[in-house]
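Fold and geometry: a report
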Amino acid sequence: MATHEVQAVRERGTGQVFIDGFLLAEVTRWPSVGFVARELLELDRTDDLSIRVVGRNQYVD
């Protein structure tokens, strides 16, 4: 199984979902971050998913 870096950034009421450093989606509901990341990575519920939350005005490295 491949390992992916998933990061979520809170910005102006939205959650921006970065996977491997690329902005792939924006969500309006914060709990949707995990769901969207799983869909984009084609993971099922049994796969482990780690999301690092980055605060507002911080950079995703």
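See the structure printed just above.
Now for a quick tour of the structure. None of the values given here were measured: they were computed from a predicted structure.

**Observations concerning the sheet that holds strand 3 (residues 22-27)**
The four strands are arranged 3-2-1-4 in an open sheet whose pairing can be described as mixed. Each of the sheet's edge strands pairs with one partner strand only, and the pair in question is strand 3 and strand 4 (51-54). The average angle at which neighbouring strand axes cross in this sheet is 25°, direction not considered. Taken strand by strand, helix 1 (residues 32-41) contacts strand 1 (6-11), strand 2 (14-19), strand 3 and strand 4, and its axis lies near 130° from that of strand 3.

**Points about the pairing of strand 1**
Counted residue by residue, strand 1 has five buried out of six residues, so it is predominantly covered. Examined bridge by bridge, strand 1 and strand 2 share six bridges and lie antiparallel to one another. For Ala8, the partnering residue across the bridge sits in strand 2 and is Val17. Counted along the chain from strand 1 to the antiparallel partner strand 2, the turn is two residues long, and its residue Arg12 has a positive phi close to 50°.

Scoring rules and cut-offs
- Residues numbered from 1 in each chain as written.
- Predicted model: local features only at pLDDT ≥ 70, side-chain atom pairs only at ≥ 80, totals over all residues.
- Heavy atoms only, no water.
- Pairing = 2+ DSSP bridges.
- Helix = DSSP H or I, 4+ residues; strand = E, 2+ residues; numbered from the N terminus.
- Axes fitted to C-alpha atoms, helices over the stretch in contact; angles between N-to-C directions.
- Contact = heavy atoms within 4.5 Å.
- Buried < 20%, exposed > 50% of the residue type's maximum accessible area, 1.4 Å probe, protein only.

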